[in-house]
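As a plain string of letters, each chain reads:
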Amino acid sequence: MTARATPEAMPDTIRTRHLTLRPPVPDDDDFLYALHSDPALYGLAPWARVTDREELEAMTAAWRATWQEHGFGYFVADDADTGEPLGLAGVRPADPGRLNLTCRFAAAAQGRGLGRESARAVVVFAAEWLPDHVVEAVIRPGHEASIRTAEAAGLPFYARQGFVEVGRIPGGIRVGAGDDRDDVEMVRRADGSPLVADGRR
């Protein structure tokens, strides 16, 4: 069995005003397939949709394995009152010392600020339990909901407040005919302390 590199006391559940964030289980696969195959959620990145059920199940199995190995990962976000799954939020190990932040909510749950609420909670979780890591997110310019979510989590959007830019995919997103924009990767340390210009800790 692989030893965890994180404190055994790390909680596996986060509760916010409107959400309960918990580890994914196999019974979540129907919801997660619906979430990741919904074309309404992938208007700016239709190629990223997961339309193959076997691919989705392999993906969620990998997420559960991350929890087993590291003691943290992507959470399923349930409605705090009803227990209904509404989305996905959390951090997973990327490169050594780096955590990838994700946040995605079903179309019916959007417009309530749940993405910002969950992202803030996840970044606070990382700051407390994984302070030596860098939290990173990829934001597509023009995706206003993702920009607001990242800003709420303490990852300010480069065109508004400035941040440490560590990666860019030129023309990585086509917003419209003749309007290709870069994917921009931005980072912050989990504990909020400054990064040097190239994003190193």
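In this convention, every chain numbers its residues from 1, walking through the sequence in written order. Residue-level local features of this predicted model are given only where pLDDT is at least 70; pairs of side-chain atoms are given and counted only at 80 or more, and the full residue set underlies all totals for whole chains, interfaces and linings. Only hydrogens and water are removed before side-chain values are computed, so all heavy atoms of the structure are retained for them.

S.K.: Help me understand the overall build of the protein in this model?
M.R.: For the protein, the count of helices and strands is four helices and eight strands. Strands are runs of DSSP state E lasting at least 2 residues, helices are runs of H or I lasting at least 4, and numbering of each runs from the N terminus. In the protein, the succession of helices and strands from N to C terminus is β-β-α-α-β-β-β-α-β-α-β-β. Exposure is judged per residue with a 1.4 Å probe applied to protein chains only, and the accessible area is read against the type maximum: over 50% gives exposed, under 20% gives buried, and values in between give partly exposed. Counting across all 201 residues of the protein, residues that qualify as buried make up 42%. Only the protein chains shown count as covering a residue, and every accessible area follows the Shrake-Rupley method with a 1.4 Å probe. Total accessible area computed for the protein in this model is approximately 10300 Å², and 48% of it derives from carbon and sulfur atoms.

S.K.: Just to check I follow, could you spell out the pattern of salt bridges for this structure?
M.R.: Two side chains carrying opposite charge are able to pair once their charged atoms lie near each other. A pairing counts as a salt bridge when a side-chain nitrogen of Lys or Arg comes within 4 Å of a carboxyl oxygen of Asp or Glu. As enumerated under the stated definition, the model contains six salt bridges in all. Of the charged contacts in the structure, one is a salt bridge between aspartate 78 and arginine 22, with a shortest N-O distance of 2.6 Å. With aspartate 78 in strand S3 (residues 74-79) and arginine 22 in strand S2 (residues 19-22), this pair connects stretches of sequence that are 56 residues apart. For aspartate 78, a relative accessible area of 8% puts it in the buried group. One connected set of salt bridges, linked through shared partners, spans Arg22, Asp28 and Asp78.

S.K.: Just checking my understanding: could you explain helix H1 (residues 29-37) for this structure?
M.R.: Residues separated by three or four positions in an α-helix point in the same direction, a consequence of the helix having 3.6 residues per turn. For H1, the complete set of buried residues consists of Asp29, Phe31, Leu32, Leu35, His36 and Ser37. Lining the buried residues of H1 we find helix H2 (53-70), strand S4 (85-93) and strand S5 (98-105). The criterion used for residue contact is that any of the two residues' heavy atoms lie within 4.5 Å.

S.K.: What is the right way to read the pairing of S5 from this model?
M.R.: Sheet topology places S4 next to S5; seven bridges connect them, and they run antiparallel. Following the sheet pairing, arginine 92 is matched in S5 by asparagine 100. Counting the residues that bridge the hairpin from S4 to S5 gives four residues, and of these glycine 97 lies at a positive phi of roughly 80°. Strand pairing is defined by DSSP finding a minimum of two bridges between the two strands.

S.K.: I keep staring at the confidence of the model for the protein and nothing clicks. Help me out?
M.R.: Any segment with low pLDDT has predicted coordinates that should not be analysed in fine detail. Each residue gets a pLDDT score, which is the predictor's confidence in that residue and runs from 0 to 100. In this model, the protein carries a mean pLDDT of 76, and residues with pLDDT of at least 70 account for 64%. In the model, residues 1-5 has pLDDT below 50 throughout and makes seven contacts with residues more than four positions away in sequence or in other chains. Note on residues 156-163: pLDDT under 50 across the span, and 25 contacts to partners over four residues away in sequence or across chains.

S.K.: Can you walk me through the side chain of threonine 60 in this structure?
M.R.: One can find threonine 60 in helix H2. Once you skip the residues sitting within four places of it in the chain, threonine 60 turns out to touch Asp29 and Leu32.

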